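Architecture at a glance
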2 protein chains.
Amino acid sequence: MTTSRRAKPETVTIRDIAARADVSPITVSRALRGSEVVRPETREHIARIARELGYIPNFAAGMLTSKVSSMIAVIVPNMANSIFATTLQEIGEGVGEDGYQLLIGCSDYSLEREEELVRTFLSRQTDAIVLTGHLHTPATEKMLRQSRVPVVEMWSLSGAPLGVSIGVNNYDAAVTATEHLISRGRRRIAYIGGDPSGNDRAQARIQGYRDTLEKAGLDFDPALLRTGSFEFDTGAEAVSFFVEEGLDVDAIFAASDIIALGVILELNRRRIAMPEKIAVCGFDDARIAQMVQPALTTIKFPRREIGQRVAEALLAMLSGRAPPQKTCDIGYSLIVRETT
Amino acid sequence: MTTSRRAKPETVTIRDIAARADVSPITVSRALRGSEVVRPETREHIARIARELGYIPNFAAGMLTSKVSSMIAVIVPNMANSIFATTLQEIGEGVGEDGYQLLIGCSDYSLEREEELVRTFLSRQTDAIVLTGHLHTPATEKMLRQSRVPVVEMWSLSGAPLGVSIGVNNYDAAVTATEHLISRGRRRIAYIGGDPSGNDRAQARIQGYRDTLEKAGLDFDPALLRTGSFEFDTGAEAVSFFVEEGLDVDAIFAASDIIALGVILELNRRRIAMPEKIAVCGFDDARIAQMVQPALTTIKFPRREIGQRVAEALLAMLSGRAPPQKTCDIGYSLIVRETT
DNA sequence: TTGAAAGCGATACCAC
DNA sequence: GTGGTATCGCTTTCAA
């Protein structure tokens, strides 16, 4: 090598290419970005040299001047849960075609963690930020407002979104599920769900459940409301609790299919018949809902559609167009199977 | 506001803080990074002003000089599949504590796509890159070598890794699965798996299956080897094919639990008894393996451990320490349930 | 303990 | 069409 540069000799810059092509760096910059203004032959010549040299552009440098990172941040509570993973994949595919990369953060259902993540994502100059839910710390909202970065809140619907809100009315969905159980003649309906603190989806579902009971003239029994992690065990443990405490329960609304799965397996283990003794309704319509025995009645949560709409909205906002609408209600549906 | 800066007036820089604190920008830089060299009072003073001003550091600028992005790229074939999602989450948690952010890319099982992703990740100056498998395009390998970025290849084991290899011997695992089926007295053993092109895991599993048949003196029947997508349908369709073609099959080795699930459901639908008529062995030990009826015998693939080890290795390499070992075999195990 | 100067690599803006 | 110049915001290096 006969380069006369200092420092890391491996790093090829547009300067090196410029020297070899006998043009100025700025021409290289233009050529590499496919600017129409550069003569085609020059462009090809430069492209060839770049390839020969194994040139790899430095995004950080570009970001500094152009102010665009081509990165989009998405914060989900958890990504091992396939429900969020599906949406992430969908968003990634949607925006990937336009050259955007996803920066994914897990909040672990903590608003403080979300705040931290927003801070670092803003530092990284992401071009947009997608949040799960519309409940955030004041600091998070302040940062987001100040930064003027396009924001999408997904999953639940917000009346006053920071930017755009795309999701489902979780309250209504819970009402539908609870009404369905009531329509099956159930009167002692339990609720098992994830911890509602800092989680607007969980809060809305609980509220929908309680309001529906009340409207039907059924008593709300606090002992029948169980919350915990969004895991399998929460469902199994709640069932054990009901049985061991001798609480008579004739239906269970599990606010996630994973939890419902725990419920079903524990009921199976105890040989408690579904839906005869206890009816079960889940939430999400995860793949396992149709797999378990008996197959789970559940609310179909449009995780794929949400991802698609989020991607659309992002691309619209990022290209300066107005997003289709401030608030986009994707809708849900009740899938009746064997457990009710 | 009485700032005298041009351009975007919202952007607060260390210069602004310096002006307010009556120190030089470099002192602010040091203070904000918690350098011990700055007097504690000055440090606190600066921190307070930064907070007041809503200062958000610009990573791009830092990256340009310091050459570290605190980002780690991970390329997986697919992230909606919970098997990869779990590993991603584990890696994210492991490196997150040290301030690293994950940049996740999906290759969709395409080596060309992987190459593209590696190129953009290198552009983004990721501090390390994690790949799934050890099969890559020549261009990918060349870029990675030239860049001198720490590389981890996970999932399968490689004799000559680009950097560090952490995973499972897929060949051996397939041998174990096939031998298990043979030990159950099966002689017409089918293989259903994902497309092996560009996928060393799939290739190794097929090879293990074929070699084991041969060793046992069983004929390899090409009609019993079915490949397709890593989806549910592949399993169901293969079963239909076997039945409709009248091929007598007494065991099925499905190289992924999702595929095995399709197999089980289709067999159930056709009222073909497991394991009496057909024994089934899966691969992964996904959560559904113990949920389906009958419960699925499968190879437990240590997705969580892989994530943890990958994170450890990354942190070691990134802090200049040598990783524990070039090649790390995590091991697998056979979980016998009801389908065999 | 603090600061001045010199970039990092690429791009925007304005000449030519 | 092409090039010079001035940043972008921060950190490294060397002095004080």
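This structure is a prediction, so every number in the text was calculated from the model and none was measured. (Residues numbered from 1 in each chain as written. Chains lettered and ligands numbered in written order. Predicted model: local features only at pLDDT ≥ 70, side-chain atom pairs only at ≥ 80, totals over all residues. Heavy atoms only, no water.)

Bringing the overall build of chain A into the picture now. A count of helical and extended segments in chain A gives 12 helices and 12 strands. A compact globule built from 340 residues would reach a C-alpha radius of gyration of about 20 Å, whereas chain A, at 26 Å, exceeds it by more than 25%. Taken along the three principal axes of its C-alpha coordinates, chain A extends 85 × 40 × 30 Å. Classification of the 340 residues of chain A by burial places 53% in the buried group. Contacts spanning at least 24 positions in sequence make up 66% of the contacts within chain A whose residues lie at least 6 apart. A total accessible area of about 15100 Å² is found for chain A, and carbon and sulfur atoms account for 48% of it. Across chain A, 39 positive and 43 negative side-chain charges occur, with their mean positions spaced 7 Å apart. (Helix = DSSP H or I, 4+ residues; strand = E, 2+ residues; numbered from the N terminus. Rg over C-alpha atoms; globule rule 2.2 N^0.38 Å. Buried < 20%, exposed > 50% of the residue type's maximum accessible area, 1.4 Å probe, protein only. Contact = heavy atoms within 4.5 Å. Areas by Shrake-Rupley, 256 points an atom, 1.4 Å probe, with all protein chains shown as cover. Lys, Arg positive; Asp, Glu negative; His and termini not counted. Charge placed at Lys NZ, Arg CZ, Asp CG, Glu CD.)

Interpretation of the predicted coordinates at a detailed level should be avoided for regions scoring low in pLDDT. The predicted model of chain A averages 93 in pLDDT, with 97% of residues at 70 or higher. Contacts for the low-pLDDT stretch residues 1-9 of chain A, under 50 throughout, to residues beyond four places or in other chains number three contacts. (pLDDT = per-residue confidence, 0-100.)

Further remarks concern the sheet that holds strand S6 (residues 189-194) of chain B. Residues and elements named next belong to chain B. Strand order in the open sheet made by the six strands is S7-S6-S8-S9-S10-S12, with mixed pairing throughout. If you trace the sheet from one side to the other, it starts and ends with strand S7 (225-228) and strand S12 (333-335), each paired once. Within this sheet the neighbouring strands show an average axis-to-axis angle of 20°, counted without direction. Those strands touched by helix H11 (residues 257-269) are S6, strand S8 (251-254), strand S9 (279-284) and strand S10 (297-300), and its axis lies near 155° from that of S9. (Pairing = 2+ DSSP bridges. Axes fitted to C-alpha atoms, helices over the stretch in contact; angles between N-to-C directions.)

Turning next to the interface of chain A and chain B. Each partner contributes to the interface: chain A provides 48 residues, whereas chain B provides 48 residues. Carbon and sulfur atoms supply 59% of the area that chain A and chain B bury against each other, a total of about 4200 Å² over both sides. The interface formed by chain A and chain B includes two salt bridges. Here Glu231(A) ties to Arg287(B) by a salt bridge, and the two come within 3.7 Å at their closest N and O atoms. If you list the elements that add at least two residues to the side of chain A that touches chain B, you get helix H4 (59-66), helix H5 (82-96), strand S2 (101-106), helix H6 (111-123), helix H7 (138-147) and helix H11 (257-269) of chain A. A total of six residues in the side of chain A that touches chain B trace back to one element, the largest contributor, which is H5(A). The residue makeup of the side of chain A that touches chain B, split by class, is 26 nonpolar, 14 polar and eight charged. (Buried area = accessible area lost by both parts, 1.4 Å probe. Salt bridge = Lys/Arg side-chain N within 4 Å of Asp/Glu carboxyl O. Nonpolar A, V, L, I, M, F, W, Y, C, P; charged D, E, K, R; others polar.)

Another point: the packing of aromatic side chains. Going through the model one piece at a time under the given rule, you end up with 18 aromatic pairs over all chains. Plain terms: the ring middles of Tyr209(B) and Phe220(B) are 6.3 Å apart, the flat faces sit at 80° to each other, and that makes the pair edge-to-face. Of this pair, Tyr209(B) sits in helix H9 (residues 200-215) while Phe220(B) sits in the loop between H9 and S7, and the two are 11 residues apart along the sequence. Among the residues examined, Tyr209(B) registers a relative accessible area of 0% and is labelled buried. Ring-pair connections join several aromatic residues into one group, and the members of that group are Phe84(A), Trp155(A), Tyr191(A), Tyr209(A), Phe220(A), Phe253(A), Phe283(A) and Phe301(A). The residue whose ring lies beneath Arg205(B) is Phe283(B), and the NZ or CZ to ring-centre distance is 3.7 Å. (Phe/Tyr/Trp six-rings, centres within 6.5 Å; stacked < 30°, edge-to-face > 60°. Lys NZ or Arg CZ within 6 Å of the ring centre and 35° of its normal.)

Okay, the pattern of salt bridges next. For side chains of opposite charge, pairing can occur when their charged atoms come near one another. Summed over all chains, the structure comprises 34 salt bridges over all chains. Residue Glu115(B) is joined to Arg119(B) by a salt bridge in which the shortest nitrogen-to-oxygen separation is 2.8 Å. With Glu115(B) and Arg119(B) both in helix H6 (residues 111-123) and four residues apart, this pair spans about one turn of that helix. The buried category is assigned to Glu115(B), whose relative accessible area is 17%. Bridged by salt links that share partners, the residues Glu244(A), Glu266(A), Arg269(A) and Arg270(A) form one connected network.

The next subject is the protein's contact with DNA strand D. Near DNA strand D, the surroundings consist of 28 residues, among which Thr27(A), Arg30(A), Ile26(B), Ser29(B) and Tyr55(B) are the closest. Looking at DNA strand D alone, sugar and phosphate atoms form 67% of those within 4 Å of the protein. With respect to DNA strand D, the backbone of Ile14(B) contributes an N or O atom lying 2.8 Å from a phosphate oxygen. Within the side chain of Thr65(B), one N or O atom sits 2.9 Å away from a sugar or linking oxygen of DNA strand D. (Near = heavy atom within 4 Å. Polar contact = N/O pair within 3.5 Å; in protein donor to acceptor, adjacent residues only side chain to side chain.)

A common way to report how large an interface is uses the accessible area buried once the components associate. Residues and elements named next belong to chain A. Per the domain assignment, the segments of chain A are domain 1 (14-57), domain 2 (69-168 + 303-330) and domain 3 (170-300). Taking only C-alpha atoms, the centre of domain 2 and the centre of domain 3 are 29 Å apart. At the interface, 12 residues of domain 2 touch 13 residues of domain 3. Between domain 2 and domain 3, a total of about 1000 Å² is buried, with carbon and sulfur atoms accounting for 50% of that surface. For the interface between domain 2 and domain 3, the tally reads zero salt bridges. For the pair domain 2 and domain 3, the interface holds six residue pairs in polar contact (both at pLDDT 80 or more). (Domains from an automatic or database assignment.)

Residues and elements named next belong to chain B. Viewed as axis vectors pointing N to C, helix H10 (residues 232-244) and H11 meet at an angle of 45°, and their least axial separation amounts to 6 Å. For the element pair H10 / H11, the angle class is oblique. Every pair of crossing elements has a handedness; the one defined by H10 and H11 is right-handed. Side by side, H10 and H11 meet where Phe-232, Thr-234, Gly-235, Ala-236, Val-239 and Ser-240 of the first sit next to Ile-258, Ile-259, Leu-261, Gly-262, Val-263, Leu-265, Glu-266 and Leu-267 of the second. (Parallel < 35°, antiparallel > 145°, perpendicular 65-115°, else oblique. Left-handed = near helix turned anticlockwise from the far one by under 90°.)

Okay, the relation of the copies chain A and chain B next. Aligned on chain B, chain A shows an RMSD of 0.1 Å; the corresponding rotation is 180° and the shift along the axis is 0.0 Å. What we have between these two chains is a two-fold relation. No C-alpha of chain A approaches the rotation axis more nearly than that of Ala60(A), which lies at 2.4 Å. The residues that chain A uses at the interface reappear at the interface of chain B in 100% of cases, marking a shared surface. (Least-squares fit on C-alpha atoms with pLDDT ≥ 70 in both.)

Right, let's get into the environment of Asp22(B). One can find Asp22(B) in the loop between helix H1 (14-21) and helix H2 (25-32). On a C-alpha basis, the gap between Asp22(B) and Ile46(B) in space is 9.5 Å, while along the polypeptide they are 24 residues apart.

Scanning all chains against the criterion turns up seven cavities of 30 Å³ or more. If you add up the space inside the largest cavity, you get close to 170 Å³. Around the largest cavity, the lining is made up of 17 residues, and of these Phe84(A), Tyr109(A), Trp155(A), Arg205(A) and Phe230(A) lie nearest the centre. Only H5, strand S6 (189-194) and helix H9 (200-215) of chain A provide two or more residues apiece to the lining of the largest cavity. The element that contributes the greatest number of residues to the lining of the largest cavity is H9(A), accounting for three residues. Grouping the constituent residues of the lining of the largest cavity by class yields 10 nonpolar, four polar and three charged. Taken domain by domain, the makeup of the lining of the largest cavity includes at least three residues from each of domain 2 (69-168 + 303-330) and domain 3 (170-300) of chain A. In this structure, the second largest cavity occupies an estimated 140 Å³ of space. Contributing elements (two or more residues each) for the lining of the second largest cavity: helix H5 (82-96) and H9 of chain B. Here the lining of the second largest cavity takes three residues from H9(B), the largest share from any one element. Its residues assigned to classes, the lining of the second largest cavity comprises seven nonpolar, three polar and three charged. (1 Å grid on protein atoms, 1.4 Å probe; cavity = no way out; pocket = protein on both sides within 12 Å on 5 of 7 lines; lining within 4 Å. Points joined across faces, edges and corners; volume = space filled by probe spheres on them.)

Residue and element names in this part refer to chain A. Taking strand neighbours across the sheet as the criterion, the six strands line up as S7-S6-S8-S9-S10-S12 in an open arrangement whose pairing is mixed. Strand pairing shows two members of the sheet lacking a second neighbour, strand S7 (225-228) and strand S12 (333-335), which therefore form its edges. The mean angle between the axes of side-by-side strands here comes to 20°, regardless of whether they run parallel or antiparallel. Sheet topology places S6 next to S7; four bridges connect them, and they run parallel.

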